[in-house]
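A look at the structure
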Amino acid sequence: MTLHTVFFSGKGTTAACAHCIKNAMGLQNKTYDWLQKPPTADMDIAAGDALLLAMPVYGGYIPNICLPWVEKLQGHNTPAIIAAVYGNRHYDNALLQMKDLLEARGFKVVAAGAFLAEHSIFHEVAKGRPDDDDRKAMTAFGDASAALLAGDWQNAAPIQLPGDPNYQTPERKPAGMYPTADRNCINCRACADQCPGRAIPRTNPQETDPLKCVQCGACIRICPMQARGYHSDSWKERAPIFAEKCAEYRKPETFFVK
């Protein structure tokens, strides 16, 4: 059995979670990094293989930019493990959304987990996550998922996940807050080349188009001068309020078929 590990990860934290889980599963693996190389054709995954799909959570759902990419996945009653990585507010309907998308494409979700990572906009929230306890939880999740795949998952009842079954995926709105560059920018354009939404013009990489920005944080992570970040008055005003509301230490949650 080959495990096909698929993730989108602007800041690298969702990628770290995906790697931790797939390493624990101990299967032959193929990895697909959708930040670096989004799919351009259908990805057919055989019934004898398995899918691990890890997605960040933006506003309670997976990023809208990823929706047409997920629709390129094609299973054949193929088992799927899903992981939602969120910044300590809540994952809301993200797991349900991932399950629905995959099961409409021929997969059977057998395991699901919600894991913590530093918030992509308000960086003091869940700072340092995933931590050692998170990695232990992800390793245990990977172990349990591998054990499931070795058993009779085909005859298990549908997985039960929290969330609103009547959810509606929200339309993408222009970013109210978005990263820009400060005076340390050296016009290297690494951010423009990395941006999945093509929101940073190569002719003026200090700026960001709010109509295209997906707030993934990839430009902040890749900047060699640490010049990119959130600098607006709105961000400075909202950051401490959001941090106070989301100060509780949340723990990972996992779900499996029975």
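Rules behind the numbers
Residue indices begin from 1 for each chain and proceed along its sequence in written order. Local features in this predicted model are restricted to residues of pLDDT 70 or higher, and side-chain atom pairs are both shown and tallied only at a pLDDT of 80 or more, whereas totals for entire chains, interfaces and linings draw on every residue. Side-chain metrics in this entry use all non-hydrogen atoms of the structure; hydrogen atoms and water are not considered. When a residue's accessible area, from a 1.4 Å probe over protein chains only, is under 20% of the maximum for its type it is buried; when over 50% it is exposed; and in between it is partly exposed. Helix and strand assignments follow DSSP, with helices taken as H or I runs no shorter than four residues and strands as E runs no shorter than two, numbered in order from the N terminus. Strands qualify as paired when DSSP identifies two bridges or more between them. Classification remark: right-handed applies to a crossover when, strands pointing away from the viewer, the course from the first strand over the helix to the second runs clockwise. For Phe, Tyr and Trp, where Trp contributes only its six-membered ring, two rings pair if their centres lie within 6.5 Å, and the inter-plane angle classes them as stacked under 30 degrees, edge-to-face over 60, or tilted in between. Counting rule applied: Lys, Arg positive; Asp, Glu negative; His and chain ends not counted. Think of a salt bridge as a Lys or Arg side-chain nitrogen and an Asp or Glu carboxyl oxygen that are within 4 Å of each other. Pairs of N or O atoms within 3.5 Å make up the polar contacts considered here, provided that, within protein, one atom can donate a hydrogen while the other can accept it, and that residues adjacent in sequence are counted only when both atoms are side-chain atoms. Pairs of residues are marked as contacts when any of their non-hydrogen atoms sit within 4.5 Å.

What follows is about the pairing of strand 1 (residues 2-7). Burial within strand 1 is extensive, with six of its six residues counted as buried. With six bridges joining them, strand 1 and strand 2 (residues 28-33) adopt parallel strand pairing. The residue of strand 2 that forms the bridge with Phe-7 is Asp-33. Following the chain from strand 1 across helix 1 (residues 13-25) to the adjacent parallel strand 2, one finds a crossover that is right-handed. Where strand 1 and strand 4 (residues 50-56) come together, five bridges link them in parallel fashion.

This paragraph deals with the packing of aromatic side chains. Within this structure, the stated rule accounts for nine aromatic pairs. Taking 6.0 Å as the distance between ring centres and 50° as the angle between the ring planes, the aromatic pair formed by Tyr-61 and Tyr-167 counts as tilted. Here Tyr-167 lies in the loop between helix 4 (132-149) and strand 8 (180-181) and Tyr-61 lies in the loop between strand 4 and helix 2 (67-70), a separation of 106 residues in the sequence. For Tyr-167, a relative accessible area of 15% translates into the label buried.

With that settled, the discussion passes to the side chain of Arg-228. Within the element layout of this structure, Arg-228 appears in strand 9 (residues 228-229). It is Glu-207 that comes nearest to the buried, bridge-free Arg-228 among opposite-charge side chains, at 7.9 Å. A polar contact of 2.9 Å, which involves the side chain of Arg-228, links it to the backbone oxygen of Pro-179. A distance of 2.8 Å separates a polar atom in the side chain of Arg-228 from the backbone oxygen of Pro-205. The contacts of Arg-228, once residues within four sequence positions are left out, are Pro-179, Thr-180, Ala-181, Cys-191, Ile-200, Pro-205, Gln-206, Glu-207, Thr-208, Cys-219, Ile-220 and Cys-223.

Next up on the list: the pattern of salt bridges. Oppositely charged side chains can form a pair if their charged atoms are brought close together. What the rule picks out here adds up to eight salt bridges. Among the salt bridges present, the one from Glu-103 reaches Lys-99, with a minimum N-O distance of 3.2 Å. Of this pair, Glu-103 and Lys-99 both sit in helix 3 (residues 94-103), four residues apart, which is roughly one turn of the helix. Residue Glu-103 is classed as partly exposed on the basis of its relative accessible area of 31%. Assessed through its relative accessible area of 12%, Lys-99 is described here as buried. Several salt bridges share partner residues, and in doing so they unite Arg-129, Asp-131 and Asp-134 into one network.

What follows deals with helix 3. Of all ten residues that make up helix 3, eight are buried, and the element is covered over most of its length. Ala-94, Leu-95, Leu-96, Gln-97, Met-98, Lys-99, Leu-101 and Leu-102 are the residues of helix 3 that are buried.

Bringing the environment of Trp-34 into the picture now. With respect to the helices and strands, Trp-34 occurs in the loop between strand 2 and strand 3 (43-44). Once the C-alpha coordinates of Trp-34 and Val-6 are considered, the two residues, 28 residues apart in sequence, prove to be 7.2 Å apart. Non-local contacts of Trp-34, meaning those with residues more than four positions away in its chain, are made with Val-6, Phe-7, Phe-8, Pro-39, Met-43, Leu-53, Met-55, Cys-66, Trp-69, Val-70 and Leu-73.

Below, the discussion takes up unusual backbone geometry. Backbone torsion omega between Arg-129 and Pro-130 reads 0°, so that peptide bond is classified as cis. With respect to the helices and strands, Pro-130 occurs in the loop between strand 7 (107-116) and helix 4. With a phi angle near 45°, Asp-92 is a residue other than glycine that sits in the positive phi range. In this fold, Asp-92 is placed in the loop between strand 6 (78-86) and helix 3. In this structure, Arg-189 takes a positive phi of about 70° despite not being glycine. The topology assignment puts Arg-189 in the loop between strand 8 and helix 5 (190-194). Residue classification places Arg-189 among the partly exposed residues on the basis of a relative accessible area of 28%.

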